[in-house]
There are 2 protein chains.
Amino acid sequence: MIDALIDRIKALGSPIAVGLDTSFDYLPDALKKPCKSLLDAAKAITDFNFAVIDAVKDVVPAVKVQAAYYEMYGVAGLRAFADTLAEAKKRGLIVIADVKRNDIGSTAACYSAAYLGSVTVNGKSFTPFESDFITVNPYLGADGIRPFLDDCKKSDKGIFVLVKTSNPSSGQLQNRVLDDGKTLYRTVGALVGEWGADSVGRHGYSDVGAVVGATHKAEAQTLRAQMPRTFFLIPGYGAQGGSADDLAVCFNKDGLGGVVNSSRGIICAYKTDKFKDADFARAARLAALDMRSDITSALKRAAQDR
Amino acid sequence: MIDALIDRIKALGSPIAVGLDTSFDYLPDALKKPCKSLLDAAKAITDFNFAVIDAVKDVVPAVKVQAAYYEMYGVAGLRAFADTLAEAKKRGLIVIADVKRNDIGSTAACYSAAYLGSVTVNGKSFTPFESDFITVNPYLGADGIRPFLDDCKKSDKGIFVLVKTSNPSSGQLQNRVLDDGKTLYRTVGALVGEWGADSVGRHGYSDVGAVVGATHKAEAQTLRAQMPRTFFLIPGYGAQGGSADDLAVCFNKDGLGGVVNSSRGIICAYKTDKFKDADFARAARLAALDMRSDITSALKRAAQDR
């Protein structure tokens, strides 16, 4: 699946994912106003997402859909989540479900079935939240990851394992130094490299990727050097404070190596002065074009500096 | 909320949670046979859960409902999840949603709203998956935990943070030794102690608990000594191999300190020779009574050995 993502990134010249972290509060007043229930809110969020997907589908290769923003609106919210995943897929986008799931093996297999594999009811198979990639948390070690790896193989899917996250306190555990002198995030990075060693595609990257935040430049640089065949999902650009020049270290000399996510910076662009004359969908498109130009310029500068 | 759990444990003499990890495959043939869709499967699971809840409600204080087994059946599965949480609450059980959620602060706040706090749509508040406790993963550090702590305070709820999980490879990261000579699980344990220091209730335990597997006795013993005021959610008994004597080290001299979960051992008891003459709900009740007697005997033996 990593090959499909990289093909799209190359075709569009755009290593970008639009984050559909669509809080009800982010919606324009006209969409929000009539809503009285979770069902209403979920329908309004779905309408918003479909319009954004339509507006960005030829500018970015991928969307990252953050499950928490849908779980918050209950069963109706999860219907919006499933519909958003399916619509993005239908429109030709690569779909990353940002779920950060994790559990013991037998239970991780259930999560994997929901997103990557399939579940069977009396001989009929279903994949209720089908995604191309999901994010997973590594705290439980290899046997909690194995079911996802198996489904990636079987169904040509991918995962991004949390290695160094973008939040301010990510270092509290991830940057602790182990008794071999390596940090925890490097140790997790090494495991991710092992888990993905046998799924390297034709572009030289593995279906087992890593989440590496744009907000921690030094750590990203260390990981890039350590994990040449691991593709990075890079959150933290924009609203969280990571700049294009900061995150350029996540990329390899081939100009590849990462997909940068922006959520609020794109879906809330219509609220900014710069895009105030555009409707929310057109503002998202314009912001995605700006982001593409910002990132590709930074990557060119970084290439010249090498 | 920890006080309410401990009150129920004392009243029933039963430090036990029944795990509703209800795979469709676990259901009796009569329930399974007519199902053709995810919706059918979810309804059958709901019927099964309601019957088990009714059968064990005066034997155990709590149920632990594992989200993965519902997410697997899609939106219909999550309706079954919500209905199961609500039914257990209605029947007087303490409800632990085993979701192992985790994310950066702003996103963790969404998960917290779904389970512990509330979400607002034009002034109306909802808690779609209301639970008394949820499990959370600590890999992102303090700012990914803070929203859950805030909602615990506001809404009298609790969390169990993954410290030492029950799966075979949990040691791959959790048992790594840091440069101060302490393991990662002890380091997380110390953080959990800090996060819960200001929410200790009248029984001497905090609303911020820890997940400590029954399958790793030495680690559990270390953590019990280190964290006297932290209540443990103890998975791994039964099907995963942890014995009552192993997990007795999770308890304090006051006879308190943990709630032991069993899932397949209870909900699949009807498939065993011992209970083959009982229907699934009655078998679950009898297995829960057996488990209560097994655990309380082990705790008595442990108390005598002190």
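**What to know about the overall build of chain A**
Broken down by element type, chain A carries 13 helices and ten strands. The globule rule puts the C-alpha radius of gyration for 306 residues at 19 Å, and the 19 Å found for chain A is close to it. Taking the principal axes of its C-alpha atoms as reference, chain A extends roughly 60 × 55 × 35 Å. Burial status across chain A gives 60% buried among its 306 residues. Expressed as a percentage of contacts within chain A between residues at least 6 apart in sequence, the contacts between residues at least 24 apart total 71%.

**Concerning the confidence of the model for chain A**
Should pLDDT be low for a region, the predicted coordinates there are not to be read in detail. The predicted model of chain A has a mean per-residue pLDDT of 97, with 100% of residues at 70 or higher. The ipTM, which scores confidence in the relative placement of chains, is 0.98 for this predicted complex, and the corresponding pTM is 0.98.

**A short note on the pairing of strand 2 (residues 62-66) of chain B**
All names here are of chain B. Burial within strand 2 is extensive, with five of its five residues counted as buried. Residues Ala62, Lys64 and Gln66 point to one face of strand 2 and Val63 and Val65 to the other, with burial holding for every one of them. Relative to strand 3 (residues 94-101), strand 2 runs parallel, the two being bridged by five bridges. Along strand 3, the bridge assignment pairs alanine 62 with isoleucine 94.

**Thoughts on the interface of chain B and chain A**
With 60 residues of chain B in contact, the opposing surface of chain A contributes 60 residues. Sorting the residues of the side of chain B that touches chain A by element identifies helix 3 (38-56), helix 4 (68-71), helix 5 (74-90), helix 6 (105-115), strand 4 (119-121), strand 5 (124-126), helix 8 (171-174) and helix 9 (184-196) of chain B as the ones contributing at least two each. Examining the composition of the side of chain B that touches chain A, we find that six residues originate from one element, helix 6 of chain B, more than from any other. In terms of residue class, the side of chain B that touches chain A is made up of 32 nonpolar, 18 polar and ten charged.

**Looking at the pairing of strand 6 (residues 133-136) of chain B**
Each regular strand displays side chains that alternate between the two surfaces of the sheet. All names here are of chain B. Residues Phe133 and Thr135 point to one face of strand 6 and Ile134 and Val136 to the other, with burial holding for every one of them. Bridge count between strand 3 and strand 6: three bridges; the pairing is parallel. In the strand pairing of strand 6, isoleucine 96 is matched with phenylalanine 133. The pairing of strand 6 with strand 7 (residues 158-164) spans four bridges and is parallel. Looking at the pairing, threonine 135 lines up with phenylalanine 160 of strand 7. Once you follow strand 6 into helix 7 (residues 146-155) and on to strand 7, the crossover reads as right-handed.

**Focus: helix 1 (residues 2-12) of chain B**
Residue and element names in this part refer to chain B. Taken as a whole, helix 1 has its buried residues at Ile2, Leu5, Ile6 and Ile9. Buried residues along helix 1 cover an arc of 95° about the axis, so they all sit on one side. Structurally, helix 1 contributes buried residues whose contacts are with strand 2, strand 3, strand 7, strand 8 (208-212) and strand 10 (258-262). Following helix 1 by one or two positions, glycine 13 has its phi on the positive side, about 60°.

**With respect to the nonpolar core**
Counting residues in each nonpolar core, the largest one holds 226 residues, and the members touching the most others are Val63(A), Ala284(A), Val63(B) and Ala284(B). The residues touching Ala284(B), leaving out its near neighbours within four places in the chain, are Val52(B), Ala55(B), Val56(B), Ile266(B), Ile267(B) and Ala269(B).

**Describing the sheet that holds strand 3 (residues 94-101) of chain A**
All names here are of chain A. On the basis of which strands lie adjacent, the closed barrel formed by eight strands has the order 1-2-3-6-7-8-9-10 and parallel pairing. The average angle at which neighbouring strand axes cross in this sheet is 30°, direction not considered. Sheet contacts for helix 9 (residues 184-196): strand 7 (158-164) and strand 8 (208-212); angle to strand 7, the most-contacted strand, approximately 165°.

**What to know about the packing of helix 9 of chain B against helix 10 (residues 217-226) of chain B**
Residue and element names in this part refer to chain B. Viewed as axis vectors pointing N to C, helix 9 and helix 10 meet at an angle of 30°, and their least axial separation amounts to 10 Å. As far as their axial angle goes, helix 10 and helix 9 are roughly parallel. As helix 9 packs across helix 10, the resulting crossing turns out to be right-handed. Between helix 9 and helix 10, the contacting residues are Tyr185, Arg186 and Gly189 on the first element and Glu219, Thr222, Leu223 and Gln226 on the second. Grouping the constituent residues of the contact of helix 9 with helix 10 by class yields two nonpolar, three polar and two charged.

**Points about the relation of the copies chain B and chain A**
You can overlay chain B on chain A at an RMSD of 0.0 Å; the transform is a turn of 180° with a shift of 0.0 Å along its axis. These values place the two chain copies in the arrangement generated by a two-fold rotation axis. In terms of C-alpha distance to the rotation axis, chain B has Leu178(B) as its closest residue, with the C-alpha 2.0 Å off the axis. When the interface residues of chain B are mapped onto chain A, 100% of them again lie at the interface, so the same face is used by both copies.

**Some words on the sheet that holds strand 10 of chain B**
Residues and elements named next belong to chain B. The eight strands are arranged 1-2-3-6-7-8-9-10 in a closed barrel whose pairing can be described as parallel. Strand-to-strand, the axes of this sheet are offset by a mean angle of 30°, without reference to chain direction. Helix 13 (residues 280-305) rests against strand 1 (16-19) and strand 10 of the sheet, and its axis sits at about 145° to strand 1.

Definitions and limits used
- Residues numbered from 1 in each chain as written.
- Chains lettered and ligands numbered in written order.
- Predicted model: local features only at pLDDT ≥ 70, side-chain atom pairs only at ≥ 80, totals over all residues.
- Helix = DSSP H or I, 4+ residues; strand = E, 2+ residues; numbered from the N terminus.
- Rg over C-alpha atoms; globule rule 2.2 N^0.38 Å.
- Buried ≥ 20, exposed ≤ 12 C-beta atoms within 10 Å, placed from the backbone.
- Contact = placed C-beta atoms within 7 Å.
- pLDDT = per-residue confidence, 0-100.
- Pairing = 2+ DSSP bridges.
- Nonpolar A, V, L, I, M, F, W, Y, C, P; charged D, E, K, R; others polar.
- Right-handed = clockwise from strand over helix to strand, strands pointing away.
- Arc of directions from axis to C-beta.
- Core = buried A, V, L, I, M, F, W, Y, C linked by C-beta atoms within 7 Å.
- Axes fitted to C-alpha atoms, helices over the stretch in contact; angles between N-to-C directions.
- Parallel < 35°, antiparallel > 145°, perpendicular 65-115°, else oblique.
- Left-handed = near helix turned anticlockwise from the far one by under 90°.
- Least-squares fit on C-alpha atoms with pLDDT ≥ 70 in both.

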